[in-house]
Amino acid sequence: MLTILILFITGLVTMFTSFFPHKSLPKYLGITGILTALLALHLRLGLGLDFPAFFTMFPLTRIMSVIVLILLLVIFVLQRSYEKEYDWSAVYSLMLFSTCGVILLLGQANLLTLFLGIEIMSIPLYVLAASKRNQATSLEAGLKYFILGSFASAFLLFGIALVYGTTGSFIMNDIVTAQNISGGQLPAYFHIGYIFIIASILFKMALAPFHFWSPDVYDGSPTVVTTFMTTVVKIGSSITMYYLLVGYFRNQFEIYFKFLMPIICVSFILGAILGLVQNNVKRMLAYSSISHIAFVLTGIVLSIALQDMSLFVFYLLTYTTSSLIVFSVIDHIENGNTVFLDHLNGLSKHSPILAVTLAIGVLSMAGIPFTGGFIAKYRVLTGIYQINGWMFALALLSSAVAIGYYLRLLNRIFFYEKTQENVAIKNILLAITMTILTVTIVILGILPELILQGIYKYFLA
C-alpha cells in the first residue's frame, strides 16, 4: 500500500504544478515519485500500511508492480512536445492515479478492491483519451470509451452484488471457502454474477466480442496515452483475469473454460484478418493487440492445465515491452494525431537507429526468432498443442496471417523512399532508451530461462 500512497501523493503534487512557470517540473516530479515507489518496493517497506483483507502483496504483485513502474518511468522519460496548450501536468497526474488502480488490482484480496481498482484505473483513462481538446477524434475517443466503460462498470458492480448476495462476503478468501463448502451446488445467482464480472474484465482486456471500442480509442487518443493503455493498463486487466480464473474462482474453471475457448479463437481470427486491411498504423496495432491479448488469456488458461504461470507472465512481459518500443517511436513520428503507413516511408534513411529499434519491436510482435516475442509465442503454442489440436492450428494460422501486416510496416521502413510526411523528431534520449529496450527484447529471445529464473529468484527470496 505504501507504493500506492507514494504514487497518489506524487499525482496530487504534480496536478498543482501547472501553476508554476517551469514546464518540465511535472515530469521531474513524476519521475522522482516513480523512483521512490520502486525504492520502497526494493526495500520492501510497508510502514504498517497493511490491509490483508483488502490488499495482499503476493510475489506476483511485487513482480508485476516493478514491471508496471518501469514501463511508466520510460513513458514519462520519453515525453515529446505536443501543442503548447497540451496540459502535461494533468496527463502525468492522471497516469499516476490510473497506475494506483493498476497496482491495487495486482494485489486484490476483496471484491471491493477489485471494483475500486478497475474504477481508479479507468476513470483517468476516459479523460486522458480526450486530452487533446482541440481534436474531434480525441474527444470522440474519450466519449466513446467513457460510455462503453460505464456499461462495463455496471456489469462488474452487478456481478459483485450477486456474488456477495450468495456468499455473504466481499473477502476473496471467504468466497473461496464458500465455494469449497458448497461442493459445486452454488445458486444460479452466483454463476450469473461471476459471468458478469468476467465479461466486464474481457471488455477491459479488449477481447472479441468486447473489442469494438479499442481501434477507435487507440487511434483517437494521443499516442502517449495509447502507449500507456497497451502497456500498464493491459497488465492490470490481464492480472485481474488471472486472479478471477486461476486464483479465487478456480473451482469454476472447469465449468467456464469451454466458454472462453470461442472468445480466444474469435480474437485470434479478428486480430489477424482486420489488422491486415488497415492503413492506419495505430488501428492496425489495436487489432494486433486483440490477437496478442488472446495469447495472454490462453497463457492464463494454460497456467492451470500445465501448472506453469510463467507462460502468460513471460508473454505479458515481452508484449508490453515490444508495444512500448513501437508506440514510443510512432509517437515521435506522428503528424497531428494519426500515423498512416506512408508516414513510415524511408524511416531507415532518415533515422536509422529508430528504424532498427522499431523493426525489432515489430519483429518481436510478429514472433520472429531471436526476439522475446518468438519465445513467448512458441511457449504458448506448445502448451496449446498439448490441450487442443484445433485451437493450436488456429493460433498458428492467425500468427502466420499477422506476419503479413507486420511485414508491410518493415517494407515501408526499409524499402520505400522518404516522403515529406515522414518527420521523425530527433531525440537522443529516445534513441538511447529504445536501444536499451531493444537489447532487452533480444536478450529475452536468446536467454529467456535465465531472465525468468533471475526475476523469480530476486522476488521470491
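For the structure itself, consult the block above.
Just so we're clear, the structure is a prediction, and the values are computed from it rather than from any experiment.

### Overview of empty space enclosed by the protein
Scanning all chains against the criterion turns up 4 cavities of 30 Å³ or more. There is about 70 Å³ of room inside the largest cavity. Taken together, V74, I75, L78, Q79, V224, T227, L324, S328, D331 and H332 form the lining of the largest cavity. Sorting the residues of the lining of the largest cavity by element identifies α3 (59-77), α10 (223-247) and α13 (310-331) as the ones contributing at least two each.

### Some thoughts on unusual backbone geometry
The backbone phi angle of A206 is positive, close to 65°, even though this residue is not glycine. You can see A206 is positioned in the loop between α8 (188-205) and α9 (213-220). By relative accessible area, A206 is classed as buried at 0%. Located in the positive-phi region is F370, a residue other than glycine, with phi close to 70°. Structurally, F370 can be placed in the loop between α15 (352-366) and α16 (372-387).

### Digging into the pattern of salt bridges
For the structure shown, the criterion picks out 4 salt bridges. Between E140 and K144 there is a salt bridge, with its nearest N and O atoms 3.6 Å apart. Of this pair, E140 and K144 both sit in helix α6 (residues 136-167), separated by 4 residues, roughly a single helical turn. The class for K144 is partly exposed, based on a relative accessible area of 26%.

### Quick notes on the layout of surface pockets
Taken as a whole, the largest pocket spans an internal volume of roughly 460 Å³. I67, I70, L317, T321 and T440 are the residues nearest the centre of the largest pocket, which is lined by 19 residues in total. Residue assignment for the lining of the largest pocket shows that the elements contributing at least two residues are α3, α13, α18 (428-446) and α19 (448-460). Looking at the lining of the largest pocket, the element that brings in the most residues is α18, giving 7 residues. Partitioned by chemical class, the residues of the lining of the largest pocket number 16 nonpolar, 3 polar and no charged.

### Quick notes on the environment of G183
Note that G183 resides in the loop between α7 (172-182) and α8. Put simply, G183 and N251 are 68 residues apart on the chain and 9.2 Å apart in space, counted from C-alpha to C-alpha.

Scoring rules and cut-offs
- Residues numbered from 1 in each chain as written.
- Predicted model: local features only at pLDDT ≥ 70, side-chain atom pairs only at ≥ 80, totals over all residues.
- Heavy atoms only, no water.
- 1 Å grid on protein atoms, 1.4 Å probe; cavity = no way out; pocket = protein on both sides within 12 Å on 5 of 7 lines; lining within 4 Å.
- Points joined across faces, edges and corners; volume = space filled by probe spheres on them.
- Helix = DSSP H or I, 4+ residues; strand = E, 2+ residues; numbered from the N terminus.
- Buried < 20%, exposed > 50% of the residue type's maximum accessible area, 1.4 Å probe, protein only.
- Salt bridge = Lys/Arg side-chain N within 4 Å of Asp/Glu carboxyl O.
- Nonpolar A, V, L, I, M, F, W, Y, C, P; charged D, E, K, R; others polar.

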